[in-house]
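# Structure assessment
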Amino acid sequence: QKEVEQNSGPLSVPEGAIASLNCTYSDRVSQSFFWYRQYSGKSPELIMSIYSNGDKEDGRFTAQLNKASQYVSLLIRDSQPSDSATYLCAVKGTDSWGKLQFGAGTQVVVTP
Amino acid sequence: SAVISQKPSRDICQRGTSLTIQCQVDSQVTMMFWYRQQPGQSLTLIATANQGSEATYESGFVIDKFPISRPNLTFSTLTVSNMSPEDSSIYLCSDYGQSETQYFGPGTRLLVL
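Everything numeric here is computed off the predicted structure, so don't read it as measured data.

The full count for this structure, using the stated rule, is five salt bridges over all chains. For A:Arg37, the salt bridge goes to A:Glu45, with nearest N and O atoms at 3.0 Å.

Given below as structure tokens:
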């Protein structure tokens, strides 16, 4: 059973601080990793993708991947109230023809 | 990214009836996916819809309950058949194109009474 695990939260973060979200996955051959943001009542929105070990930065977001540890994380710098949402980690394996397996999501609450 | 639309955006249905959800993508895509998101839960893949072939269903989902059509590279439908209150969910379609990433439609919010 391939699994993607995230802490459900809520993760409470003061405005301006760094939010750190973690995700572990069980399928060692997974190759592609995605972070989606989902506001309440809305559909998931892709915010980051990462394929190689190391860090990938996009604006205030940094994704970190460590395939040896089967671990992917998302950092949100200078957190804003508009970042309050559920963040979904998604993993794609090599044999999955594009299929994604999603974690349960981490709810982030940014407090002013 | 492709622009994806879904119809209807929401519906309230009686148990035992069926609802067909449409998904339209503004560009041709290789595969389309149908997901279900039950209240407070994450996304669960129902099936993969390929143009010109039968849909591929995930464990726990069957064609009789969730028939899918994919008549061309920009359109797909998902029917939720013989509905029960347990089918109350958000149903989402997504695309998988040349970018090898998935983008989601706005979702269809279904309530079954």
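Now that the structure has been shown, we can carry on.
Time to look at the nonpolar core. The biggest cluster of nonpolar side chains holds 25 residues, and the ones touching the most others in it are B:Trp34, B:Ile46, B:Phe66, B:Ile68, B:Leu78 and B:Tyr91. Taken together, the elements giving at least two residues each to this core come down to strand S3 (19-25), strand S4 (31-37), strand S5 (43-50), strand S8 (75-80), strand S9 (89-96) and strand S11 (108-112) of chain B. Among the elements that take part in this core, S3(B) stands out by supplying four residues, more than any other. When residues no more than four places from it in sequence are discounted, the contact partners of B:Tyr91 are B:Gln6, B:Ile21, B:Tyr35, B:Arg36, B:Ile46, B:Phe66, B:Leu78, B:Val80, B:Gly107, B:Thr108 and B:Leu110. In terms of nonpolar packing, the next biggest core, distinct from the first, is built from 23 residues, A:Ile47, A:Met48, A:Ala63 and A:Leu74 among them.

What follows is about the interface of chain B and chain A. At the interface, 19 residues of chain B touch 18 residues of chain A. Taking both partners together, chain B and chain A bury about 1400 Å²; carbon and sulfur atoms supply 56% of that area. Its largest share of buried area at the contact with chain A, chain B owes to B:Ser42, B:Gln102 and B:Phe104, together 30% of the area lost on that side. Our count for the chain B to chain A interface comes out at one salt bridge. The partner of B:Glu58 in a salt bridge is A:Lys99, with the nearest N and O atoms 3.1 Å apart. In this structure, the connection of chain B to chain A is made through six residue pairs in polar contact (both at pLDDT 80 or more).

Parameters and conventions
- Residues numbered from 1 in each chain as written.
- Chains lettered and ligands numbered in written order.
- Predicted model: local features only at pLDDT ≥ 70, side-chain atom pairs only at ≥ 80, totals over all residues.
- Heavy atoms only, no water.
- Salt bridge = Lys/Arg side-chain N within 4 Å of Asp/Glu carboxyl O.
- Core = buried A, V, L, I, M, F, W, Y, C linked by side-chain atoms within 4.5 Å.
- Buried < 20%, exposed > 50% of the residue type's maximum accessible area, 1.4 Å probe, protein only.
- Helix = DSSP H or I, 4+ residues; strand = E, 2+ residues; numbered from the N terminus.
- Contact = heavy atoms within 4.5 Å.
- Buried area = accessible area lost by both parts, 1.4 Å probe.
- Polar contact = N/O pair within 3.5 Å; in protein donor to acceptor, adjacent residues only side chain to side chain.

All quantities given are derived from atomic positions and should not be read as evidence of function.
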